[in-house]
Each structure stands twice: as C-alpha cells, then as structure tokens.
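What follows is the residue order along each chain.
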Amino acid sequence: MLKTSTLALIALFLALPATVGDEVEPGPVEKDVFHPDRGKEFEPGRGGSVTVFLPTSVRMLALPLSNSSYARNILHEVHELLVAPDWETWEFKGVLAHRWDTEDSLILKDGGRLFGKVVDEGENWSVTPISPEHPLDAPRMVKKTDAESLERGTVFTFHLRKDVKWHDGHPFDAGDVVLGWEIYNNPEIQCDSFRSSFQKIERVERIDDYTVRFHYSRQYHKALDLFRSLICLPSHLYNLLDPDHADYDPEADERAVARAVNENPHNSNWVGLGPYRITSADPMLYVAERFEDYFDPENAGWVDRIRWRHIRGWETALEALKNGELDFSAWLSTDMYMGAGTSDANFTDDFYKGTYAYGSVNFTPWNTRRSHLSDPRVRRALAHAFDMEAYRDQQCGGLGVISTGTQATFSPAYNRAVLPLEYDQGKAVDLLAEAGWYDRDGDDIVDKDGVPLEIEYLTIAGHKGDREFTELLKKSYRKVGVDLMVTPLDHPTIIQRLKERDFDACSTSWGLPLESNQEQLWHTKNDQPGRGNYSGVRDPRIDAWIEQADREIDPQKRYAIWKEMQRYLYEEVQPYLYRNTVPRRFAMSKKIRGFQAFGISPGYSIRRWFLTD
Amino acid sequence: MIPTLIGITVLTFAVMQLVPGDPADLRFFAEDSPLDTGNIEQGLAQFRRENLLDQPLWRQYLHYVGPFDLSERGHTWFGGSGEAPWGGLLLGDLGREFFRPHVTILDELLRRLRVTVPLALCALFLSYLLALPLGIYSVMRQGSFFDVAAGVIVFLLYSVPMFWAALMLQLTFGSNWLGLLPVIGLADKDAAELSTFGQFTDVLAHLILPVATLTVGGFAYLSRQMRAGLLDVIREDYIRTARAKGLSERKVVLKHGLRNSLGPVLTLFATIMPALIGGSVIVESVFDLPGIGSYAYYGLMQRDYFVVMGTTTFSAMITLVCILVTDLAYAWIDPRIRYE
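The structure presented is a predicted model; accordingly, all values stated were derived computationally and were not measured. (Residues numbered from 1 in each chain as written. Chains lettered and ligands numbered in written order. Predicted model: local features only at pLDDT ≥ 70, side-chain atom pairs only at ≥ 80, totals over all residues. Heavy atoms only, no water.)

## A look at the sheet that holds strand β20 (residues 454–460) of chain A
Pairing between the strands of a sheet is mediated by backbone hydrogen bonds and can be parallel or antiparallel. All names here are of chain A. The three strands lie next to each other as β21-β20-β22, forming an open sheet whose pairing is parallel. Each end of this open sheet is capped by a strand with a single partner; those strands are β21 (483–489) and β22 (505–506). When β20 meets β22, the two strands line up parallel, connected through two bridges. Directly across from Leu458, in β22, lies its bridge partner Cys506. On top of the sheet, helix α13 (residues 464–479) reaches β20 and β21; it is set at about 165 degrees to β21, its chief contact. (Pairing = 2+ DSSP bridges. Helix = DSSP H or I, 4+ residues; strand = E, 2+ residues; numbered from the N terminus. Contact = heavy atoms within 4.5 Å. Axes fitted to C-alpha atoms, helices over the stretch in contact; angles between N-to-C directions.)

This is the structure in structure tokens:
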C-alpha cells in the first residue's frame with residue numbers, strides 16, 4: 001500500500017471519450033489509446049531516449065532502505081524480481097526464477113514440520129515432495145490426529161535462471177536472493193519498513209547456486225505477492241561476508257555488515273539486473289542506459305536511454321515538457337489537464353494527454369479519539385453535509401468516482417454496492433442533534449456541554465486543489481453549524497501531527513495495489529500514533545475480519561470478507577470522508593508510441609515504449 | 001571572523017531545532033512511502049541513535065562542531081566505540097546526509113559549488129558591468145529624462161521579488177510565449193550527443209535566465225549606489241577645481257570623480273555576493289539547478305539538519321571571505337586606508 005501524497009487532486013474518469021475508464025480488468029491492453037494518430041501502425045525500433053518526470057527527488061534506489069514508490073518505478077526498468085505479475089493478465093510469472101514450486105506445511109503435534117503437496121486422504125494427510133533436494137524422498141502419510149495444523153502455500157522453491165548477470169558483469173546466483181532476505185534479520189540494517197513482512201518468512205535455504213527455498217511460518221494470503229518486494233542484492237558488493245566482496249571480512253560483526261549495506265554507494269549508483277543500467281545517479285536526475293548483457297532480449301526495451309528527472313512543481317514540469325525537456329509527465333493537476341496550458345497549439349503540436357485508472361483513494365481521516373468526533377453520528381452528519389457530487393461536477397468538470405472504501409475502485413475486493421451517503425443537510429442537522437450537538441447559544445455554531453463544534457482541518461500549504469476543496473467544505477459545514485478551521489502546513493509538520501495524532505481532520509490519500517491488505521489501516525494493533533490507522537478505529541469485528549482474511553488463500557472468499565468489512569466500515573463507522581478517486585492525468589510526447597495503461601503500479605512500462613523519429 | 005562563524009552555527013542550529021517535523025519520521029513516513037507494515041519503533045530509535053537525535057542539544061551541537069565525534073562510533077572519551085574518534089566542522093567534516101549516509105555533505109557541497117559559484121560570479125560581473133555605466137551616465141545627465149526614467153525603471157526592478165522575476169522570465173522566454181530559451185536545468189536532455197561547442201552553447205543558453213534573474217536585483221541596487229556615490233563626490237571642492245581648470249564634464253567625472261566614488265560601490269561586493277548565494281535558493285529551485293541553494297532547500301524540506309547546517313555554514317564562510325576581500329580591496333583603492 002502506498003501513501004502517494006497529500007496532494008490528492010481530482011479524478012477524471014468519465015469525461016474524455018478515449019478515457020481508459022475507472023474499470024480496469026485483467027486482459028489485453030490497447031496501445032496508445034489517447035494518441036491522436038493511434039490508428040497509424042509503427043514497427044517498433046531500437047534507439048533514442050525518453051525523459052520522465054519525477055514529482056519528488058529519489059534519495060536512493062535500494063528499495064529496502066529507501067522505501068519509495070518512485071524508487072520502485074525506476075527499479076522496474078533497472079532491476080528484476082524473482083517473480084512479478086504480468087502487466088496485462090495480472091497473473092504471476094517467473095522473471096529471475098524460470099519456475100517455482102509451491103508446497104504446504106503440516107505442523108505436527110510433536111513439534112515437527114513436514115512440507116510438500118498435502119492432500120486430504122480421509123483420516124490421513126498425504127504429504128508428497130515436489131521440490132528438489134527435499135527432506136522427504138517419498139510420499140508420506142500422516143494421521144490427522146498427529147497434525148496440529150495445515151498451512152497451505154507456505155513453502156516456495158524458486159529455480160533461478162542461469163544466464164543472468166549483474167550490471168557489473170558478475171553472475172547472479174542464489175546467494176544474491178538469500179541476501180535480499182537476510183538483511184531483514186540484521187536489526188542494524190535500516191530496512192524496518194518491510195522488516196515485519198519479511199519476518200513472516202522464518203527460514204530460507206540455499207539448495208544450490210540456482211535454487212532457493214523460502215519457508216513461511218504460517219499461511220499468509222500475500223505469500224507470493226511479498227516476493228514483489230524482495231529485492232535481490234549483489235552479494236559481492238553488499239555482503240562483507242562474501243569472499244567476492246572487495247573488503248571481504250569473515251570476522252565482520254553485525255554492525256560492520258549493516259554499515260556495508262546502509263552506507264553502500266550502490267544504494268544510489270544501483271547495480272541491478274534489469275535491461276537498463278544506471279549511469280548517473282542524483283536525487284534530481286537518474287540516467288539509465290541499455291544493458292547489453294540483459295538475459296531476456298524480448299523484454300529488453302526499445303529506447304537506449306531513460307532519464308528520470310525531478311523538477312520542483314508540476315507547473316514547472318509542464319513548462320519543461322512543452323520546452324522539450326521532458327517527454328512524459330504522469331502528474332498533471334486538473335487545472336493543467338483541463339486548462340489552456342494543455343489545449344493550445346504549443347502543447348498539442350508535440351504532445352497529447354490522457355488519463356488512466358490508478359489505484360488510490362483520497363480521503364479525510366477523522367480523528368475518532370477526539371471527543372467531538374468520537375460519535376459515528378457526527379461523522380455521518382459531516383458526510384451528509386457536503387455535496388461531494390456537486391463538488392465533482394462543478395469543480396472537476398463532472399469527472400471522478402467517489403470511493404466508499406480503501407480498496408482500489410477497480411479491485412475485485414472493492415464493494416461497488418456500497419454507495420456514498422447522499423447530500424442532505426437536513427439529515428446532517430438531525431444526526432448532529434441526535435448526538436447532542438445543536439445551537440444552544442444562538443451563535444449559529446452547534447455546541448454541546450458548552451463547547452462549540454469546531455474542527456481543525458490540516459492541508460498542505462499552497463496546494464490549490466486542497467484550498468478550493470476546504471473552502472467549499474467550510475461553507476457547507478457552516479450551514480449545518482460546524483466551524484471548519486483550515487490550517488495549511490508543510491508536509492513534515494503534517495506528518496508529525498498525524499503521527500502524534502494531533503489533528504481533527506486532514507487531507508491525504510493512499511495509493512492502493514490491486515488488493516490492499518487492510519490490516520495496516522484498520523487493525524487495532526495499528527491504532528497507535530504513527531501507524532496507518534490514523535482515525536484510531538478499535539473494533540473487534542474489524543480485527544476478526546482482517547485476521548480471517550490474512551489466512552484466507554482463496555481469493556473469492558477473501559474478497560467477500562473485504563467487501564463486508566468495507567460495508568461495515570462505511571455504514572457503521574464512517575472514519576473517513578471520501579473524495580474522488582484519482583486517475584493519473586498524463587502528458588506525453590507524440591513521438592513516443594507503445595504506451596499502455598495498466599492497473600498495476602506505476603501503470604506503465606517504459607521498456608514497451610519506442611520512438612517514431 | 002571566528003566568533004561570527006560560531007554565532008551563525010549556534011543560531012542556525014537553534015532555528016533548525018525550532019522547526020516542527022522530525023527527520024526520523026520522514027525517514028519512515030516519506031511522502032511516497034509505503035505504510036508502516038509492522039513495528040518500526042526499533043528503526044526510529046536506531047535512526048535517532050545513529051544521528052544523535054536522541055541526545056541533548058548541546059551534545060548534538062558539539063558533535064557538529066567537533067573535533068570529537070560524539071556518536072556511538074566516536075571518541076572513547078565520550079562513550080563511543082573509538083572507530084571514528086574525530087570529526088566535525090573544525091576538521092572540515094560537515095557530516096553525512098541523514099537519508100543517504102554514503103554521501104558526505106562536504107563532497108556534495110563542493111560538487112554543487114561548481115554550479116552556484118559560476119552563476120553568482122556571472123551575475124555579479126554583469127551587475128557591475130551594467131550598473132557602473134548606468135550610474136555614471138545618470139550622473140552626467142543628471143535631471144534629464146534619461147536619468148529620471150532610469151531611476152524609475154531601476155527602482156521597479158529593485159522592488160521585484162526574485163521568485164516572481166524568475167517565473168516571469170520563464171513564462172516569457174519559455175515555450176509559453178517566445179520559446180527562445182530553455183527554462184530548467186543546466187543542459188539539454190540530449191546534450192551528450194552534441195559537439196563540444198554545441199554543449200558549451202547549450203550550457204550558456206541554460207544559464208541566461210538564471211543569471212538574468214540573479215542580476216536584476218543586484219544591478220538595480222548597485223546602479224543607484226553608484227549614482228549616489230558619484231553625486232556625492234562631484235560636489236567636492238576638488239571637482240569644482242577641475243571644472244574651473246576648464247576640463248570637460250566627461251573628464252571631470254571619469255578621471256577625477258569616478259575613482260573616489262568606487263570605494264563604497266566596491267564595498268557592496270560583500271553585501272551583493274552573499275545575497276546572490278542566498279538568492280540561489282530561489283533561482284536554483286525555480287530553474288531546477290543542482291547548486292547549493294537547491295541543496296539547502298532539499299535539506300530544509302527533508303529536515304536534514306546537517307545539510308542545512310552545512311549549507312548555512314558554507315554560505316557564512318563565503319560572506320566572511322567576501323567581507324575580508326572587500327576590506328583589502330578598499331585599502332588598495334584608497335591609499336589613505338591602512339590596516340594595522
């Protein structure tokens with residue numbers, strides 16, 4: 001789950017005739033949907049370069065340490081994973097691993113553990129070994145009475161390709177995969193954002209140079225998905241205990257090993273496994289050029305050079321684009337997208353624009369721990385009091401989808417039957433009164449126990465979209481007797497206020513994968529300040545759903561759990577005021593062809609692009 | 001100089017501590033970062049420990065100043081492991097970035113100086129080149145339409161905020177209107193494919209708007225100072241004597257008046273140069289240039305105390321050096337001044 005930014009703007013799903021739409025489904029994706037010459041066929045050819053806009057600087061590319069979605073975007077082209085979902089079918093396929101075996105674990109009452117393909121044979125479980133170098137040399141029957149529990153899909157054995165090289169020419173092998181997991185076991189290595197996820201893997205075996213086996217401690221619905229975050233690291237450059245390392249030190253202690261990772265210059269000057277290798281690394285500009293020894297010629301990309309350029313401010317980036325200094329920006333505000341800046345000949349001669357659905361949700365978390373916001377009736381009243389549809393129609397040209405949950409609206413886990421609460425200020429007033437809030441002193445602000453209903457709303461200073469939204473919100477709330485006080489702050493201060501739960505309400509957003517694990521957002525264990533449960537929701541029913549879904553490996557059953565939880569959260573708890581779901585608005589040079597919009601983040605693959613001139 | 005420098009570091013350090021926002025939070029809750037998926041308290045504590053953010057302020061400051069490294073890897077006298085006993089400003093060590101610990105701030109500053117200093121020097125040179133003739137000509141045409149018009153225009157230019165000037169220049173000369181000049185960066189994205197001469201002209205083209213922005217304010221200020229200084233001088237008795245001798249006005253001003261009026265204008269070097277370096281924060285941000293101004297901005301937004309302290313200390317040192325150079329230049333211009 002990605003927290004994209006508080007700079008959530010307005011969605012543009014429906015208006016443009018060629019829009020990709022808010023429904024994204026697995027299957028073939030059409031190319032160049034928005035290109036004015038989309039009917040014209042071009043034969044892809046190698047050569048040229050593209051420059052892509054980065055809205056924020058990227059400190060480093062070592063994802064376990066940097067934890068940045070933009071670093072992940074760059075890594076898509078300069079690195080490879082063991083397995084990854086196919087852009088179009090969403091099915092996992094092998095990349096560095098040409099195949100993998102999935103086995104189950106049978107936990108025995110005597111403390112033992114068997115793994116293999118486990119089949120129900122009436123009174124027994126049959127355990128059949130599948131992967132190589134297996135501790136069982138033949139199938140084994142286990143009485144059900146001897147088994148403590150069965151954990152499905154908990155052992156993964158990856159068979160690695162043998163033709164893969166790091167960008168410095170060093171061969172890739174199982175040691176690099178193991179290191180990608182081992183770093184999470186060293187508490188001195190600064191990879192805490194992913195640590196608890198990888199600690200679900202209790203053991204990793206290096207079977208041989210090209211075979212690695214991972215053992216999960218228990219059944220986990222995202223067991224395979226987690227390997228999308230497992231970044232193989234070049235052991236010969238990162239691991240002091242590797243004899244191939246220039247500073248090889250078999251006596252190196254945990255701290256020294258950690259320092260070699262934390263302070264490694266290759267965290268920025270990345271040495272990877274992808275079709276492009278980093279040739280220049282600066283937080284403002286990353287340059288990657290074709291890596292001729294890339295193992296998969298069919299996916300080696302067409303352009304010779306890719307640049308990721310950070311420019312401060314979306315407006316400046318648009319200027320730079322029109323000046324020919326950028327070729328692609330996926331960050332256009334609504335004003336920029338709808339305005340003259342992308343409609344006049346200066347733009348349309350060389351560029352075109354479009355949208356694509358992107359997993360995200362814009363919302364205002366209510367701090368349910370504040371006494372005046374603790375009553376769900378108050379939060380529901382606040383949802384009824386604002387006409388979100390009118391806001392969308394009048395401020396966003398009638399575009400956008402209003403979410404009612406924290407799954408991407410195109411996710412199979414999203415409950416489309418849960419509709420936004422209707423705009424009804426009368427109902428809002430009634431709900432407030434029911435909760436004990438009405439105007440006792442004639443100042444047009446409702447009050448209770450002598451305290452007026454005042455809500456402080458934190459926004460990013462200088463953000464036009466947020467400013468317009470909060471102005472309208474303030475006016476609407478005033479009509480039902482609620483005083484909204486808008487406090488613009490800089491981003492670090494907002495983070496601190498959120499982390500300390502020192503807020504009433506705030507404008508923010510989440511980026512969402514195809515299926516979002518709701519534990520981070522709603523489980524009671526994450527309601528401490530600083531965790532993702534900003535609103536401070538504590539509800540045993542929600543915790544139970546989350547724990548049930550966490551173990552449920554049948555997707556359809558799991559989606560049903562998430563959908564029911566979404567309904568309950570929206571209708572009974574109402575911890576967020578949801579805004580429009582944001583599709584990405586992009587601008588692109590006409591000379592680039594092969595653009596496809598995918599439901600998987602970042603929504604495009606540069607290595608599929610080619611130039612026509 | 002030393003007490004001034006110490007004062008500046010103390011002030012900067014204190015101000016940074018007053019700014020809300022915790023760098024450790026930004027390490028894990030960055031704008032685009034995935035949510036916390038587990039227990040990151042340990043990571044936060046480790047980050048704070050390694051960067052001394054959990055230590056008293058006086059200890060953090062002394063660590064920055066040096067020469068003892070007070071971190072856990074620092075001097076054994078202060079409880080460190082002794083791995084890296086020495087460090088700090090006194091030894092020319094400005095520390096490492098919080099979020100890219102493999103990057104030393106001094107190296108990064110030196111790399112970025114290659115952008116900021118040429119930019120500032122170009123702007124300074126142009127400011128003097130334009131301001132001196134304008135000031136002199138205004139004096140020679142005192143009270144004329146030219147003098148009045150130049151006064152009004154220069155006053156307007158002086159009043160223009162630098163960020164606004166930068167944006168206006170971008171909008172005017174960029175693709176929005178004239179489309180004559182590049183609006184961001186130091187080089188074209190395809191500069192590597194150009195010839196050496198092509199690359200040179202490309203860089204020059206990229207520098208025009210940032211240099212123009214930096215020049216506007218300094219030039220306007222200098223020209224007014226030049227005019228005022230020269231007007232003071234030409235009212236002196238010896239100028240009257242020169243005129244009485246029958247010298248032309250041009251000779252009176254240029255030969256007798258100019259040198260004596262240059263002193264105060266040159267002294268302004270010490271004011272203008274630091275202002276240009278300071279102005280680079282805006283110019284480099286708007287034009288997206290990788291100089292120390294944009295580095296300071298980055299440090300501030302990331303709450304990287306060491307980056308902010310490093311850039312500030314560096315700018316302070318440049319200011320102090322400029323003041324020293326100006327004092328020496330003063331003595332060179334005016335033989336009556338001698339330093340003991």
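## Thoughts on the sheet that holds strand β24 (residues 576–578) of chain A
All names here are of chain A. Spatial strand order, β23-β16-β24: three strands in an open sheet with antiparallel pairing. Pairing within the sheet leaves two strands with one partner each, and these edge strands are β23 (508–511) and β24. On average, adjacent strands in this sheet sit at an angle of 40 degrees to one another, irrespective of strand direction. Pairing geometry for strand β16 (residues 360–365) and β23, over four bridges, is antiparallel. Looking across to β23, one finds that Ser360 is bridged to Gly511.

## Description of the domain arrangement of chain A
Residues and elements named next belong to chain A. Here the domain parsing of chain A yields domain 1 (33–55 + 275–357 + 586–611), domain 2 (83–262) and domain 3 (360–581). Counting residues at the interface gives five residues for domain 1, matched by four residues for domain 3. Buried area between domain 1 and domain 3, both sides added, is near 420 Å², and the carbon and sulfur share of it is 69%. Of all residues in domain 1, Asp335, Met338 and Gly599 give up the largest surface area on contact with domain 3, accounting jointly for 58% of the area buried on that side. If you look at where domain 1 meets domain 3, you find one salt bridge. (Domains from an automatic or database assignment. Buried area = accessible area lost by both parts, 1.4 Å probe. Salt bridge = Lys/Arg side-chain N within 4 Å of Asp/Glu carboxyl O.)

## Quick look at the confidence of the model for chain A
When pLDDT is averaged along chain A, the result is 90, and 96% of the positions lie at 70 or above. Per-residue pLDDT, averaged within each element of chain A, yields its smallest value for strand β25 (residues 580–581) of chain A (80) and its largest for helix α5 (residues 235–238) of chain A (98). (pLDDT = per-residue confidence, 0-100.)

## Observations concerning the pairing of strand β12 (residues 285–290) of chain A
Residues and elements named next belong to chain A. Two strands pair when backbone bridges link them, and strand β11 (residues 276–282) and β12 are joined in this way by six bridges, in the antiparallel orientation. Among the inter-strand pairings, Ser280 is bridged to a residue of β12, identified as Val287. Connecting β11 to the next strand, β12, in antiparallel fashion are two residues. Taken together, the five bridges between β12 and strand β13 (residues 305–310) define a ladder with antiparallel strand orientation. From the neighbouring strand, Leu285 faces β13, where its bridge partner is Arg309.

## Comments concerning helix α11 (residues 269–286) of chain B
Residues and elements named next belong to chain B. With 18 residues, α11 extends 25 Å between its outermost C-alpha atoms, agreeing within 8% with the 26 Å of an ideal straight helix rising 1.5 Å per residue. Maximum bend of α11: about 35 degrees, positioned at Ser280. Inspection of α11 places Ala270, Ile272, Met273, Pro274, Leu276, Ile277, Gly279, Ser280, Val283, Glu284, Ser285 and Val286 among the buried residues, and these make up the whole buried set. (Expected span 1.5 Å × (residues − 1). Bend = angle between axes of the 7 residues up to and from the residue. Buried < 20%, exposed > 50% of the residue type's maximum accessible area, 1.4 Å probe, protein only.)

## Considering the packing of aromatic side chains
Counted according to the given criterion, the structure contains 50 aromatic pairs over all chains. Ring centres 5.6 Å apart and planes at 55 degrees place the aromatic pair Tyr70 of chain A and Trp331 of chain A in the tilted group. Placement of Tyr70 of chain A in helix α2 (residues 69–78) and of Trp331 of chain A in the loop between β14 (328–329) and α8 (334–338) is noted, with a sequence separation of 261 residues between them. Take Tyr70 of chain A and Trp331 of chain A: they sit in the same class, and that class is buried. A centroid spacing of 5.6 Å and a plane angle of 15 degrees characterise the contact between Tyr158 of chain B and Tyr221 of chain B, whose relative ring orientation is stacked. Separated by 63 residues along the polypeptide, Tyr158 of chain B in helix α6 (residues 145–159) and Tyr221 of chain B in helix α8 (residues 196–233) bring together distant segments of the chain. On the accessibility criterion, Tyr158 of chain B (47% relative accessible area) is partly exposed. One aromatic cluster is present, built from ring pairs that chain together Phe34, Phe328, Tyr352, Tyr356, Phe586, Phe595, Tyr604 and Trp609 of chain A. When the ring centre of Tyr438 of chain A is taken as origin, the NZ or CZ atom of Arg440 of chain A, which lies over that ring, is 3.9 Å away. (Phe/Tyr/Trp six-rings, centres within 6.5 Å; stacked < 30°, edge-to-face > 60°. Lys NZ or Arg CZ within 6 Å of the ring centre and 35° of its normal.)

## Overview of the pairing of strand β10 (residues 211–216) of chain A
Residues and elements named next belong to chain A. With six of its six residues buried, β10 lies for the most part within the structure. Covered by surrounding structure in β10 are Thr211, Arg213 and His215 together with Val212, Phe214 and Tyr216, the residues of both alternating faces. One ladder, built from five bridges, connects strand β8 (residues 147–160) with β10; its direction is antiparallel. Each bridged residue has a counterpart across the sheet, and for Phe158 the counterpart in β10 is Val212. As paired strands, strand β9 (residues 201–208) and β10 are joined by six bridges and run antiparallel to one another. Each bridged residue has a counterpart across the sheet, and for Glu205 the counterpart in β10 is Arg213.

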